[in-house]
Amino acid sequence: MARKKLMAANWKMYKTPDQARDFFHNFLPLVAGHGRDEIVVCPPFVDIRASVESSKNSSVSIGGQNLYWEKEGAYTGEISATMLVATGCTHVIIGHSERREYFGETDDTVNLKLKAALEADLTPIVCVGEVLEEREAGLTEDVLRRQCVRAFHAVSTKKAGKLVIAYEPVWAIGTGKTATPRMAADAHRLIRGEAAKTFGEEFANSMRILYGGSVKPENAKALMSEGEIDGALVGGASLDPKSFAAVVKY
Ligand code: PEP
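Residue positions are counted from 1 within each chain, in the order its sequence is given. Residue-level local features of this predicted model are given only where pLDDT is at least 70; pairs of side-chain atoms are given and counted only at 80 or more, and the full residue set underlies all totals for whole chains, interfaces and linings. Derived side-chain values reflect all non-hydrogen atoms in the structure, with water molecules and hydrogen atoms excluded from consideration.

Okay, the state of the cysteines next. Any two cysteine sulfur atoms within 2.5 Å of one another count as a disulfide. Applying the stated criterion to the full structure yields 0 disulfides. We note that cysteine 89 lacks a disulfide partner, and the nearest cysteine sulfur, in cysteine 42, lies 7.7 Å from it.

In C-alpha cells, the structure reads:
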C-alpha cells in the first residue's frame with residue numbers, strides 16, 4: 001500500500017513569532033503546488049498562532065512539539081491537546097529524545113500523551129530511538145521494542161487511526177551523523193512489526209514511520225528512496241526555508 005510521505009519540521013526552541021512569519025513568507029512559494037508529500041511545521045508554542053495564520057492558504061499543517069495529557073487544571077507551564085487543537089494545530093510531536101533526556105519524559109508519559117493526542121483527534125508523531133551506547137551494546141532492537149510496546153499500551157486499533165512513528169536514533173540528532181538508509185529500514189521494519197502485533201497487519205502496513213536524525217538536502221533523496229521510510233522529522237535543516245524546501249522536494 002502506498003503511504004504518502006510526511007515531511008515534518010521540528011523547530012525546537014528557535015524563532016520568535018516574527019521570525020516564524022518570515023519563514024512562511026519565504027517557504028510557502030518554494031513548496032506551492034507540491035502535493036506529493038504532506039508537510040507539517042512544529043514551532044514553539046508561542047509561534048503557533050503566527051504560524052497558523054501565515055500558512056492559512058497553503059497545504060502546510062502546524063503541530064505542537066509537546067502536550068500534557070490532562071484536559072485542564074493546575075499544571076503550570078503545560079499545554080493540553082484541546083489547547084493545541086483550539087489554536088489550529090493538527091499534529092503533535094510526542095516523546096522527542098530531547099524531552100526524554102532533559103525533561104524527564106518516560107515511556108509511560110509518552111503513552112499518556114499519545115492517548116490524549118488521539119482522543120483530541122491530533123496526529124501524534126511518537127519518537128523512538130536508541131542512544132549510542134545502546135546501539136554499540138547491540139540493544140537497539142530491545143530498546144525500540146520496549147519503547148513501542150509501552151507507547152502503544154492500551155491504545156486500540158480503532159483509536160490509533162492517525163498514529164505516526166518517528167525513528168530517531170539519538171546519536172544522529174543534531175550531530176551531522178545519519179543512519180544509513182539500510183540501518184533506518186531495519187529499524188522501521190522492527191517498529192512496523194511491533195505495530196502489527198498490537199494493531200494488526202493492515203494497520204501496521206498503512207502506518208507511516210518517519211526517519212529523523214540530521215536529515216538535510218544532501219541526504220534526503222537517498223533516505224526517502226528507501227521504501228520503508230515514509231517521511232522525515234527534520235530539526236536543524238528545517239529552520240531555513242530554502243533548506244527545508246529542498247528536503248521536502250528531495
Ligand atoms: C529532531 O529534532 O527531531 C532532529 C532530527 O534534529 P536534526 O535534524 O537537527 O538532527
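Here, axes are lines fitted to C-alpha atoms. For helices the fit covers the stretch in contact, and angles between N-to-C directions go from 0 to 180 degrees. Put simply, DSSP marks the helices as runs of H or I at least four residues long and the strands as runs of E at least two long, and each gets a number from the N terminus on. Two elements in contact, helix H7 (residues 140-152) and helix H8 (residues 181-199), have axes whose closest approach is 10 Å; the angle formed by their N-to-C orientations is 35 degrees. Judged by the sense of rotation from one axis to the other, the crossing of H7 with H8 is right-handed. Counted together, Glu141, Leu144, Arg145, Cys148, Val149 and Phe152 of H7 and Ala187, Leu190, Ile191, Glu194, Ala195, Lys197, Thr198 and Phe199 of H8 form the full contact between these two elements. Helix crossings are classified by the rotation of the near helix relative to the far one: an anticlockwise turn of less than a right angle makes the crossing left-handed, while a clockwise turn makes it right-handed. By the convention used here, residues are in contact when the closest approach between their heavy atoms is within 4.5 Å.

The backbone of lysine 12 shows a phi angle near 50 degrees, a positive value even though the residue is not glycine. Mapped onto the elements of the fold, lysine 12 is located in the loop between strand S1 (6-10) and helix H1 (17-31). The phi dihedral of alanine 154 is positive, around 60 degrees, even though this residue is not glycine. Relative to the helices and strands, alanine 154 is located in the loop between H7 and strand S6 (164-167).

Near is defined per residue: the residue qualifies when any heavy atom it owns lies within 4 Å of the molecule or strand. In the region of the ligand, 14 residues are neighbours, and Lys12, Glu168, Gly174, Ser214 and Gly235 sit closest. N or O atoms closer than or at 3.5 Å make up a polar contact, with two conditions inside protein: a donor-capable atom paired with an acceptor-capable one, and, for residues adjacent in sequence, both atoms drawn from side chains. With respect to the ligand, the side chain of glutamate 168 contributes an N or O atom lying 2.7 Å from an oxygen atom. Within the backbone of glycine 235, an N or O atom sits 2.8 Å from an oxygen atom of the ligand. Counted by class, the shell around the ligand contains 4 nonpolar, 8 polar and 2 charged residues. Charged residues are taken to be Asp, Glu, Lys and Arg, nonpolar residues to be Ala, Val, Leu, Ile, Met, Phe, Trp, Tyr, Cys and Pro, and polar residues to be all remaining types, Gly included.

In this scheme, strands are said to pair when DSSP sees at least two bridges between them. If you walk around this closed barrel you meet the 8 strands as S1-S2-S3-S4-S5-S6-S7-S8, and the pairing is parallel. Each strand of the sheet is rotated relative to its neighbour by a mean of 25 degrees, with strand direction disregarded. Here strand S7 (residues 208-212) runs beside strand S8 (residues 231-234); their pairing, made up of 2 bridges, is parallel. From the neighbouring strand, tyrosine 211 faces S8, where its bridge partner is alanine 232. Along the sheet face, H1 touches strand S2 (38-42) and strand S3 (60-64) and points at about 135 degrees away from the line of S3.

Each Phe, Tyr or Trp ring, with Trp reduced to its six-membered ring, pairs with another whose centre is within 6.5 Å; inter-plane angles below 30 degrees give stacked pairs, above 60 give edge-to-face pairs, and intermediate values give tilted ones. A full pass over the atoms with the stated rule returns 11 aromatic pairs. With 5.3 Å between their ring centres and 85 degrees between their planes, phenylalanine 23 and phenylalanine 24 make a pair best called edge-to-face. The exposure classification of phenylalanine 23 matches that of phenylalanine 24, with both residues buried. Each ring, one from phenylalanine 27 and one from phenylalanine 244, has its centre 5.3 Å from the other, and the planes form 25 degrees; the classification is stacked. One end of the pair, phenylalanine 27, is in helix H1; the other, phenylalanine 244, is in helix H11 (residues 241-248), with 217 residues separating them in the sequence. Buried residues are those whose accessible area, probed at 1.4 Å on protein chains only, stays under 20% of the maximum for their type, while exposed residues exceed 50% and partly exposed ones sit between those limits. For phenylalanine 27, a relative accessible area of 0% puts it in the buried group. By relative accessible area, which is 0% here, phenylalanine 244 ends up buried. Grouped by ring-pair contacts, the aromatic residues Trp11, Phe23, Phe24, Phe27 and Phe244 constitute a single cluster. Here the guanidinium or amino end of lysine 15 rests over the ring plane of tryptophan 11, the centre of that ring lying 5.2 Å away. A ring is scored as having a charge over it whenever the NZ atom of a lysine or the CZ atom of an arginine sits within 6 Å of its centre and within 35 degrees of its normal. Against the face of tyrosine 250 rests arginine 36, its NZ or CZ located 3.9 Å from the ring centre.

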